[in-house]
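Here is what each chain is made of, one letter per residue.
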Amino acid sequence: MKRLLRENRDLALVLAGLLLLLFASAATVLLPPAAWKSPFSLAVAVAKTALVAAIFMRLREHGGLTRVFAAAGVCWLAILAVLSAADYLTR
Amino acid sequence: MSGIPMDRAAYEAEERAATNRLGMWTFLATEVMFFGGMFVAYVLYRSSYPDAFAVGSRTMELGCGTANTAVLLVSSFFMALGDRAARKGDRGALRGCLVLVALLGMAFLAIKGYEYASKVDEGLIPGRGFRYPGPPQLPLFMTLYFAMTGLHALHMILGVCAVAWLLWRSSPRRHQSVPVEPVAIVGLYWHFVDCIWIFLYPLFYLIGR
C-alpha cells in the first residue's frame, strides 16, 4: 500500500486539497453570520465536485463525448431549476 | 498467427470499455435529475422560509456531517487508487483498496445511523411525534433532510454491495483476470454518490449557521 501511495502522489495531493477545502468550509461556522458564508460554502462544494470529477472520475482523460454526457445531466438540472424558479417567483 | 486478429480484439475490447463508460455516464446523468428535483425543492423552500431552515441547520450535528464528508472523500481517494491498481494488474493493491472503500462506506452509514437515532431522541421526526420547539416550517426542513440523506444512504448501501461484489469478482481463486472495467464502472458510481454528499453537506449543515 505504501508503494501504491508513493506511486500515486497526484491522487494524494488531490485528497489533501479536498480535505483542506472541507475544513475551510466547516471553519466558516466559527465566524459571525455574514452574507458571503452561504455562497462560499456552495463555491467550495462546486470546487470539490470539479476535483472529484476531473481527477478521481478521470473526466480529464476522457474524450469530448464523455464530457458532453457528463455536462448533459447538469444542463438538464439547470433548466429544471430555472423553469421551476421562474414559475415560483412570478406567481 | 498474424497480428491483425489480436489488434482487432484489442480494438473491440477498447470500444466495449468506452461504450460501458459512456453508458454509466448516461445513467449518472439520470441520477442527477433524480436527486435534482429534491435539490430544487430544497432551494425553493429555503428561499421561502429562511428562518425556519436556519433553525433546522442548527439542529444538525456539524461534527457528524464533517466527519462523514471526510470519510467519503477518503473513500473516493482509495477507489481512485484501486482503479489505477486494477489497470496495472495489481490484484493485491486493488483488493486492499476495495476493503478500505467498503469499510469507509460502512463507517459513513454507521455515523448516519447515529445521527438519525439522535434525531428520534430529540423529537425531530416529521409527523405526530414531532415535538421539537421551533417555527411551524421546521418539519418541512426535517422532511427534506430525511428524504435527501435517506436516498443518499440507500445509494451508499448499493455502493457498498457493489464494492463487495468487486471483492468477490477480483478473488484470485475465482477469476484469473483482474476486473479492470467493472472497477472503473463501480468507481464512477461511488464517486458520484460522494459528489451528491458534497452538496448535501453545506445545504443541511453549514448554510444558516
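What you see as residue numbers is a count from 1 along each chain, following the sequence as written. Lettering of chains starts at A and numbering of ligands starts at 1, both following the order in which they are written. The predicted nature of this model means local features are confined to residues of pLDDT at least 70 and side-chain atom pairs, given and counted, to a pLDDT of 80 or more, with totals for whole chains, interfaces and linings taken over all residues.

On to the overall build of chain B, then. Under the DSSP-based scheme used, a helix requires at least four consecutive residues in state H or I and a strand at least two consecutive residues in state E, with every element numbered from the N terminus. Within chain B, the regular secondary structure consists of six helices and zero strands. In chain B, the order of α-helices and β-strands from amino to carboxyl end is α-α-α-α-α-α. Along the longest, intermediate and shortest principal axes, the C-alpha atoms of chain B span 80 × 30 × 25 Å. A residue is called partly exposed when the number of other C-beta atoms within 10 Å of its own lies between 12 and 20, exposed at 12 or fewer, and buried at 20 or more, with C-beta atoms placed from the backbone. Classification of the 209 residues of chain B by burial places 37% in the buried group.

Scanning chain A for helices and strands turns up four helices and zero strands. Along chain A, helices (α) and strands (β) appear in the sequence α-α-α-α when read from the amino end. The reference for a compact globule is 2.2 Å times residues^0.38; the radius of gyration itself is calculated from the C-alpha atoms. At 18 Å, chain A has a C-alpha radius of gyration far larger than the 12 Å of a compact globule built from 91 residues. Structurally, chain A occupies a C-alpha span of about 60 × 45 × 15 Å along its principal axes. Counting all 91 residues of chain A, 19% fall into the buried class.

So, about helix α4 (residues 91-121) of chain B. Each helix should span, by expectation, one fewer than its residue count multiplied by 1.5 Å. Helix length check: α4 of chain B (31 residues) gives 45 Å between terminal C-alpha atoms against 45 Å at 1.5 Å per residue, within 8%. All of the buried residues in α4 of chain B are Ala-93, Leu-94, Cys-97, Leu-98, Val-101, Ala-102, Leu-104, Gly-105 and Phe-108 of chain B. Where α4 of chain B is buried, its residues contact α1 (2-7) of chain A together with α3 (62-87), α5 (138-169) and α6 (180-206) of chain B. Gly-123 of chain B sits one or two residues past α4 of chain B and shows a positive phi near 75°. Think of it this way: build a C-beta for each residue from its backbone, and any pair within 7 Å is a contact.

Residue and element names in this part refer to chain B. You can see Met-156 is positioned in helix α5. Take Met-156: there are 24 C-beta atoms within 10 Å of it, and that puts it in the buried class. In this structure, the C-alpha to C-alpha distance between Met-156 and Ala-86, residues 70 residues apart in sequence, is 22 Å. Beyond its immediate stretch of four places on either side in the chain, Met-156 contacts Gly-105, Phe-108, Leu-109 and Val-193.

This paragraph deals with unusual backbone geometry. Residues and elements named next belong to chain A. Notably, Arg-58 is not glycine yet its phi reads approximately 60°, a positive angle. With respect to the helices, strands and loops of the structure, Arg-58 is situated in the loop between α3 (37-56) and α4 (64-89). Residue classification places Arg-58 among the partly exposed residues on the basis of 18 C-beta atoms within 10 Å.

Residue and element names in this part refer to chain B. With respect to the helices, strands and loops of the structure, Ala-67 is situated in helix α3. A tally of 14 C-beta atoms within 10 Å means that Ala-67 is categorised as partly exposed. Sequence spacing of Ala-67 and Arg-95 is 28 residues, and the spatial spacing of their C-alpha atoms is 25 Å.

The next subject is the interface of chain B and chain A. Facing 35 residues of chain B, the contacting portion of chain A comprises 36 residues. In terms of residue count, the dominant contributor to the side of chain B that touches chain A is α3 of chain B (12 residues). Charged means Asp, Glu, Lys or Arg here, nonpolar means Ala, Val, Leu, Ile, Met, Phe, Trp, Tyr, Cys or Pro, and polar covers whatever is left, Gly included. In the side of chain B that touches chain A, the residues fall into 24 nonpolar, seven polar and four charged.

In terms of nonpolar packing, the biggest core is built from 69 residues, with Leu-81, Cys-97, Val-101, Phe-141, Ile-196 and Leu-200 of chain B touching the most fellow members. Elements with a minimum of two residues in this core: α2 (9-27) and α3 of chain A together with α1 (4-48), α2 (50-59), α3, α4, α5 and α6 of chain B. Take this core: its biggest share by element is 17 residues, from α6 of chain B. Non-local contacts of Cys-97 of chain B, meaning those with residues more than four positions away in its chain, are made with Phe-78, Met-79, Leu-81, Gly-82 and Ala-85 of chain B. As used throughout, a nonpolar core is a set of buried Ala, Val, Leu, Ile, Met, Phe, Trp, Tyr and Cys residues joined through C-beta atoms within 7 Å of each other.

Our focus in this paragraph is the packing of α3 of chain B against α6 of chain B. Residue and element names in this part refer to chain B. As a rule, the C-alpha atoms of each element are fitted with a line to give its axis, helices using only the stretch in contact, and angles between N-to-C directions run from 0 to 180 degrees. Interaxial distance between α3 and α6 falls to 9 Å at its minimum, and their mutual angle equals 160°. As far as their axial angle goes, α6 and α3 are roughly antiparallel. Considering only the axes of α3 and α6, their crossing is left-handed. Facing Leu-62, Gly-65, Thr-69, Leu-72, Leu-73, Ser-76, Met-79, Ala-80, Gly-82, Asp-83, Ala-86 and Arg-87 of α3, the residues of α6 in contact are Val-180, Val-183, Ala-184, Gly-187, Trp-190, His-191, Asp-194, Trp-197, Ile-198, Tyr-201, Phe-204 and Tyr-205. Of the residues that constitute the contact of α3 with α6, the class distribution is 15 nonpolar, six polar and three charged. Oblique is the label for any angle not covered by the other classes, which are roughly parallel (under 35 degrees), roughly antiparallel (over 145) and roughly perpendicular (65 to 115). Definitions for this section: a left-handed crossing has its near helix turned counterclockwise from the far helix by less than a right angle. A right-handed crossing has that turn clockwise.

Turning our attention to the environment of Ser-170 of chain B. Residues and elements named next belong to chain B. With respect to the helices, strands and loops of the structure, Ser-170 is situated in the loop between α5 and α6. Measuring from C-alpha to C-alpha, the distance between Ser-170 and Leu-200 comes to 33 Å, with 30 residues separating the pair along the chain. The contacts of Ser-170, once residues within four sequence positions are left out, are Arg-91, Leu-94, Arg-95, His-175, Val-178 and Pro-179.

Quick look at α2 of chain B now. By the burial criterion, the buried members of α2 of chain B are Ala-52, Phe-53, Gly-56 and Ser-57 of chain B. The arc enclosing the buried residues of α2 of chain B, seen along the axis, measures out at 145°, which places them on a common side. Think of it as the arc spanned by the lines of direction from the helix axis to the C-beta atoms.

Taken over all residues, the pLDDT of chain B has a mean of 93, while the share at 70 or more is 97%. Two numbers describe this predicted complex: its pTM, 0.92, and its ipTM, 0.92. A score from 0 to 100, pLDDT tells how confident the predictor is in each residue.

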